[in-house]
Amino acid sequence: QVQLVESGGGLVQAGGSLRLSCAASGRTFSAYAMGWFRHAPGKEREFVAAISGSGGRTAYADSVKGRFTISRDNTKNTVYLQMNSLKPEDTAVYYCAADFVPAFVMRVVTTETEYDYWGQGTQVTVSS
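Residues numbered from 1 in each chain as written. Predicted model: local features only at pLDDT ≥ 70, side-chain atom pairs only at ≥ 80, totals over all residues. Heavy atoms only, no water.

What follows covers the state of the cysteines. In total, this model carries 1 disulfide according to the counting rule given. The side chain of Cys22 participates in a disulfide bridge whose partner is Cys96; the two sulfur atoms lie 1.9 Å from each other. Every disulfide takes its handedness from the sign of the S-S torsion; for Cys22 and Cys96 that torsion is 45°, giving right-handed. With a gap of 74 residues between them, Cys22 in strand S3 (residues 18–24) and Cys96 in strand S9 (residues 92–100) connect regions that are remote in the sequence. With respect to class, Cys22 is no different from Cys96; both count as buried. (Disulfide = S-S within 2.5 Å. Helix = DSSP H or I, 4+ residues; strand = E, 2+ residues; numbered from the N terminus. Buried < 20%, exposed > 50% of the residue type's maximum accessible area, 1.4 Å probe, protein only.)

Now the structure itself:
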């Protein structure tokens with residue numbers, strides 16, 4: 001069982017930056033591929049970024065490439081999402097998710113239905 005707690009959301013002006021954090025419980029954090037998803041009002045939840053268990057592989061949605069960076073610190077059981085050059089259309093509730101994938105596999109998971117564990121979400125609002 002993995003418990004995930006997101007933090008770092010808030011209100012920011014367009015062009016600004018935020019860093020989201022997701023702290024995970026458990027002692028085998030590196031055995032989990034991690035991902036960030038977002039859910040905006042009136043839209044379906046969508047993939048944002050993903051990282052393999054070791055951190056050696058990452059993947060991004062086209063809409064955030066070049067602006068967002070996913071990273072992880074396995075010594076702190078935490079995954080991060082650095083968000084720069086934020087736009088109003090980035091406004092959403094952001095969720096982190098975990099999927100058990102042995103670290104040596106170095107696989108990123110971009111499909112929502114593959115994830116087993118989800119956090120409660122953190123609100124990001126970007127004003128124009």
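On we go.
Of the two faces of strand S7 (residues 68–73), the one holding Phe68, Ile70 and Arg72 is buried and the one holding Thr69, Ser71 and Asp73 is not buried anywhere. Here S7 pairs with strand S8 (residues 78–83) via 6 bridges, running antiparallel. From the neighbouring strand, Phe68 faces S8, where its bridge partner is Met83. (Pairing = 2+ DSSP bridges.)

All right, on to the nonpolar core then. Ranked by internal contacts, the top residues of the largest apolar core, which has 41 residues, are Leu4, Met34, Trp36, Leu81, Met83 and Tyr94. When residues of this core are traced back to their parent elements, those giving at least two are S3, strand S4 (32–39), strand S5 (46–51), S7, S8, S9 and strand S11 (122–127). The residues contacting Leu4, other than those within four sequence positions of it, are Cys22, Ala23, Ala24, Met34, Cys96, Ala97, Ala98, Tyr117, Trp118, Gly119 and Gln120. (Core = buried A, V, L, I, M, F, W, Y, C linked by side-chain atoms within 4.5 Å. Contact = heavy atoms within 4.5 Å.)

Before going further, it helps to examine the pattern of salt bridges. Summed over the entire model, instances satisfying the criterion amount to 6 salt bridges. Between Glu112 and Arg45 there is a salt bridge whose closest N-O contact spans 2.9 Å. Residue Glu112 is found in the loop between S9 and strand S10 (117–118), and its partner Arg45 is found in the loop between S4 and S5; the two are separated by 67 residues along the sequence. With relative accessibility at 28%, the residue Glu112 sits in the partly exposed group. Between Glu114 and Arg107 there is a salt bridge, with its nearest N and O atoms 2.6 Å apart. We classify Arg107 as partly exposed; its relative accessible area is 32%. Ionic contacts of the salt-bridge type, sharing partners, join the residues Arg38, Glu46, Arg67 and Asp90 into one network. (Salt bridge = Lys/Arg side-chain N within 4 Å of Asp/Glu carboxyl O.)

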